[in-house]
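In case you want the letters, here they are:
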Amino acid sequence: MRGTWPLILILFALIGLPAIFLPMSVWASVMLSGLTLAALFFLVASGLSLIFGLMDVINFAHGTLFMLGAYIGWTVYQNPRLLLNVAPLFLALGAGIGFGRVTAGALSVPRAISGFGLVGFGALAFWNHNLGKLVAFGSTVPGGAIPTPLAQEPLGLVFARMAAMGLAGLCGGWRMGGTRSEDRYRSWGMSAGLLLLGILMLSGRELIERWILESPGDLRFLLAVLAGTLAGGALGAWMEATLIRPLYARPIYQVLLTLGLSYVGVELVRVVWGPGNYTPLPRPSLFAMPCLASSIGEWLSQGCASLNVLGRPFPTYRLLIIGVGVAMWAGIGLLLRWTRIGIAVRAAVEDREMVEALGIPVRRLFTGVFAMGSALAALGGVVATPFLGLSPAMGLEFLLQAFIAVIIGGMGHYGGAAMGAFLVGLARAFGDYLVTVGIALPGMAEAIHFSPAIARASTVLIMAAILLLRPSGLFGQKTG
Amino acid sequence: MDAVLELRDVHTFIGSFHILKGVSFAMRAGSLTALLGRNGAGKTTTLRTIMGLWPAAQGSIRFLGEELRGRPTHEIAALGIGYVPEHRAIFRGLTVEENLKLAERRRGDLARRAEWIFSLFPDLKAALKKPAGLLSGGQQQMLAIARALVPENRLLLIDEPSEGLAPMLVEHVMAAIHRLREEVPILLVEQNLHAIRHLADHYILMEDGRVVRSGPMAELLGNREWLQRYLGVTA
């Protein structure tokens, strides 16, 4: 296979050499740490690579989706009232846009009026909004420091805001123009569904909040994972359909757009959730007990937080992250390999036009893959929070590493993204280890210590080495 | 007789270049029509315009009574048009079977027609699990045609099937097309006049983005002056 020997060389350098020079126990725990990072990098890199392969879009906002997934998951778990009071406004916006587009052809509202309505109603919806109270110390006190009845606005007022947001969406939809006639019923249905969901969420906000906060931690965690992932997918689909789709013919604008969105995302998170870092989410019960299990059986029966791996403790929660990464890798691999949609995606990576000429709507494929990639990144963000906590900058860091992984593997190659993530994860883990321990050479009194920047640079060095040997990455065929 | 496909005053631009300058023709049911002309006459552009890949700026394209202009490519294909583009455009990373499977429009299309398709192209049956990129040029061309036969198509557009093939393979591919003409109307673009002289019922001659002549094939083959003037061949 192409690209085999540079790969073998690097795998030997990252796995073989440390196995020779390090004690087995150290080697194993560094490997596991590397796999943990690799799993998270993979969740971001896989979507990035699929989206590039299929649509030639380099999505700089992919890290932002990782971060937003984390924040939304965290909020569902710790401070659900924030979502319950704000999400319905955006659901109404989406429903409004849908209704607007369906009726645009029949009404033909002048652009000046619809533009004015969009901005005006949008501003009205958030006029004097008490976001701060809803958030208030949510980062430290579950459910927030201010009691919910005082923090949230009266139901009628929030419904009024929702109506304003719906009208803003309607104006936006009118401006965007009509949907195709065959899609009409789907648009009606989806818009009505969004509206209904928003109304239900808002009407039941107190019940839902109490139910979530009083549920056992495991269920809350599961809810957080589901909500974060779904929100990421929905956001990705919305981004593709509204912002990126008009720009397929203009790649430079796309880069500017996604780069801009990544900054907007970070600032949005700073505005809504505050600029500070949040403490990690509590781990599910299987990974939470303060004990050190000596075997896998003991861990599973007692739910220990750490597991003895060859004499060194290893946090069990990280095994969950590895599991999620491996499961997603295998699941999407099977999807691409065996399903009709998967075959269509692989074919469209080669030749979009021909797939379209076979009668397959490639546009819908684009939206689907964008949504799936975004959902994966968001999933990565949620499962990372018990391990990393939350900060507005977390997306950019992961985006950078995922980019390096994708470039190492070859842009647009799914297996390449997995291999790239694996290499980058291992390199980071061994880099971190070398930075903390240093290198002791024989005959020297003290070990040589490196700056932590070396650990980060190590991944870039691997990328540079691979690009010198194979300019299109390990498995890449596509250039540019 | 009813026209399967009828183009009226079709204009297509690529960037600022005016490629099709008012193409009009009608293609009859139950016929194999050869679209002929020199390089750059607009033959490939005509096929791509019908498929909506390079949308027509003006004019009308009717297929079995339905207007195609303004529709997206996947809808045009789904109406029952099979397209075999130049350079084959098979999916090289997919297996032969996946290439065929992807062309299904309804579940079970391939299973229903596999026997017939493999009777036309026995080579493909032996190579089902092989990546299409590893097939020989002739087999790739067969796969490209076979792919258009998987769903129930009511018109085939085939662009230069003989391009880059050895003479023996050209004969093989043309023999398969000969058998197909019994089943489905075909609009065939071909440079190699010799290969299709006994195959086509009708011809459409293009020059500089326009149709200059059309009629029964025998009429063209009997006219040395036209052959020389429009195609540069001495028959």
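Throughout, a residue's number is its position along its own chain's written sequence, starting from 1. To label them, take the chains in the order written and letter them from A, then take the ligands in the order written and number them from 1. Totals for whole chains, interfaces and linings use all residues, but because this is a predicted model, local features are given only for residues with pLDDT of at least 70 and pairs of side-chain atoms are given and counted only at 80 or more. In computing side-chain properties, one takes all heavy atoms of the structure into account and sets aside hydrogens as well as water.

- In the nomenclature of an unreviewed UniProt entry, chain B corresponds to High-affinity branched-chain amino acid transport ATP-binding protein LivF from the organism Candidatus Thermoflexus japonica.
- Among the UniProt annotations of chain B, the heading Sequence similarities (unreviewed entry) holds the following wording: "Belongs to the ABC transporter superfamily." UniProt positions are given in the numbering used here, feature names are shortened, and annotations may be inferred rather than shown by experiment.

- For chain A, an unreviewed UniProt entry supplies the name Branched-chain amino acid ABC transporter permease and the organism Candidatus Thermoflexus japonica.
- Taken directly from UniProt, the Subcellular location (unreviewed entry) text for chain A runs: "Cell membrane".
- We quote the UniProt Sequence similarities (unreviewed entry) comment for chain A here in full: "Belongs to the binding-protein-dependent transport system permease family. LivHM subfamily."

1. Concerning the pattern of salt bridges
Line of reasoning, step 1. Salt bridges are defined as contacts in which a side-chain nitrogen from Lys or Arg sits within 4 Å of a carboxyl oxygen from Asp or Glu. Under the criterion given, the structure shown has 18 salt bridges over all chains.
Line of reasoning, step 2. Sharing partners across several salt bridges, the network here consists of Arg337(A), Arg346(A) and Glu98(B).

2. Quick look at the domain arrangement of chain A
Residue and element names in this part refer to chain A.
Line of reasoning, step 1. Domain assignment breaks chain A into domain 1 (4-69 + 282-469) and domain 2 (77-250).
Line of reasoning, step 2. Each domain's limits were defined by an automated method or a database of domain assignments. Relative placement of domain 1 and domain 2: their C-alpha centres are 32 Å apart.
Line of reasoning, step 3. The quantity reported as buried area is the accessible area (1.4 Å probe) lost by two parts once they are put together, taken as the sum for both. Summed over both partners, the interface of domain 1 with domain 2 buries about 1,700 Å², with 72% contributed by carbon and sulfur atoms.
Line of reasoning, step 4. Here domain 1 and domain 2 share 0 salt bridges between them.
Line of reasoning, step 5. Identification of polar contacts relies on pairs of N or O atoms within 3.5 Å, with a donor-acceptor requirement for protein atoms, meaning one able to donate a hydrogen and the other able to accept it, and with residues adjacent in sequence counted only if both atoms are side-chain atoms. Taken together, the connections running from domain 1 to domain 2 amount to 3 residue pairs in polar contact (both at pLDDT 80 or more).
Line of reasoning, step 6. Helix numbering and strand numbering both begin at the N terminus, where a helix is a DSSP run of H or I of at least 4 residues and a strand a DSSP run of E of at least 2. Going through the elements one at a time, α3 (62-78), α14 (316-338) and α17 (362-388) are the ones with two or more residues in the side of domain 1 that touches domain 2.
Line of reasoning, step 7. Looking at the side of domain 1 that touches domain 2, the element that brings in the most residues is α17, giving 12 residues.
Line of reasoning, step 8. Under the grouping applied here, Gly and all other residues not named as nonpolar or charged are polar, the nonpolar ones being Ala, Val, Leu, Ile, Met, Phe, Trp, Tyr, Cys and Pro and the charged ones Asp, Glu, Lys and Arg. Among the residues making up the side of domain 1 that touches domain 2, the classes are represented as 17 nonpolar, 5 polar and 2 charged.

3. Focus: helix α15 (residues 340-350) of chain A
Line of reasoning, step 1. When we look at burial in α15(A), the residues that qualify are Gly342(A), Ile343(A), Ala344(A), Val345(A), Ala347(A) and Ala348(A).
Line of reasoning, step 2. If you follow the buried residues of α15(A), they end up packed against α2 (24-55), α14, α16 (352-357) and α17 of chain A together with α3 (96-102) of chain B. Three exposure classes are used, based on accessible area relative to the maximum for each residue type with a 1.4 Å probe and protein chains only: buried under 20%, partly exposed in between, and exposed over 50%. Residues count as neighbours in contact if any of their non-hydrogen atoms are within 4.5 Å of one another.

4. Considerations on the domain arrangement of chain B
Residue and element names in this part refer to chain B.
Line of reasoning, step 1. Under the domain assignment, chain B is made up of domain 1 (1-80 + 155-235) and domain 2 (90-153).
Line of reasoning, step 2. Distance between the C-alpha centres of domain 1 and domain 2: 23 Å.
Line of reasoning, step 3. Contacts between the two partners involve 17 residues from domain 1 and, on the opposite side, 14 residues from domain 2.
Line of reasoning, step 4. Surface buried jointly by domain 1 and domain 2 totals about 1,300 Å² across both partners, of which 73% is contributed by carbon and sulfur atoms.

5. Section: the UniProt feature "domain: ABC transporter" (unreviewed entry) in chain B
Line of reasoning, step 1. What UniProt calls "domain: ABC transporter" (unreviewed entry) maps, in this numbering, to residues 5-233 of chain B.
Line of reasoning, step 2. Helix makes up 36% of residues 5-233 of chain B and strand 27%, whereas the separation of the span's terminal C-alpha atoms amounts to 28 Å.

6. Some points on the side chain of Ser46(A)
Residues and elements named next belong to chain A.
Line of reasoning, step 1. Structurally, Ser46 can be placed in helix α2.
Line of reasoning, step 2. For Ser46, a relative accessible area of 0% corresponds to the buried category.
Line of reasoning, step 3. Beyond its immediate chain neighbours, meaning those up to four positions away, Ser46 contacts Leu376, Tyr414 and Ala417.

7. Thoughts on α14(A)
Line of reasoning, step 1. To estimate the expected span of a helix, subtract one from its residue number and multiply by 1.5 Å. When the terminal C-alpha atoms of α14(A) are compared, their 33 Å separation across 23 residues agrees well with the 33 Å that a helix rising 1.5 Å per residue should span.
Line of reasoning, step 2. Every buried residue belonging to α14(A) is among Thr316(A), Tyr317(A), Ile321(A), Ile322(A), Val324(A), Gly325(A), Ile332(A) and Leu336(A), and all of these are buried.

8. Side note on the sheet that holds strand β4 (residues 58-63) of chain B
Residue and element names in this part refer to chain B.
Line of reasoning, step 1. Pairing in this open sheet of 4 strands is antiparallel, and the strands run β2-β1-β4-β5 from one edge to the other. Whereas interior strands pair on both sides, the edge strands pair on one side only; in this sheet they are β2 (17-28) and β5 (66-67).
Line of reasoning, step 2. Pairing between two strands requires that DSSP report at least two bridges joining them. Looking at chain direction, strand β1 (residues 3-14) and β2 are connected through 9 bridges and run antiparallel. Bridged to Val10 within β2 is Val23.
Line of reasoning, step 3. Against the sheet, helix α1 (residues 43-51) makes contact with β1, β2 and β4, and its axis sits at roughly 105 degrees relative to β1, the strand it touches most. Fitted lines through C-alpha atoms give the axes, limited to the stretch in contact for helices. The angle between two N-to-C directions lies from 0 to 180 degrees.

9. Considering the nonpolar core
Line of reasoning, step 1. Residues Leu5(B), Leu36(B), Leu102(B), Ile177(B) and Leu187(B) are the most contacted members of the largest nonpolar core, which totals 194 residues.
Line of reasoning, step 2. Ranked by residues supplied to this core, first place goes to α2(A) with 19 residues.
Line of reasoning, step 3. Excluding residues that lie within four positions of it along the chain, Leu187(B) makes contacts with Leu5(B), Phe25(B), Met27(B), Thr33(B), Leu35(B), Leu47(B), Ile50(B), Leu155(B), Leu156(B), Leu157(B), Ile158(B) and Ile204(B).
Line of reasoning, step 4. Among the nonpolar cores identified, the runner-up in size contains 8 residues, and Leu89(A), Ala125(A), Met162(A) and Met165(A) belong to it. Throughout this description, the term nonpolar core refers to a set of buried Ala, Val, Leu, Ile, Met, Phe, Trp, Tyr and Cys residues connected via side-chain atoms within 4.5 Å.

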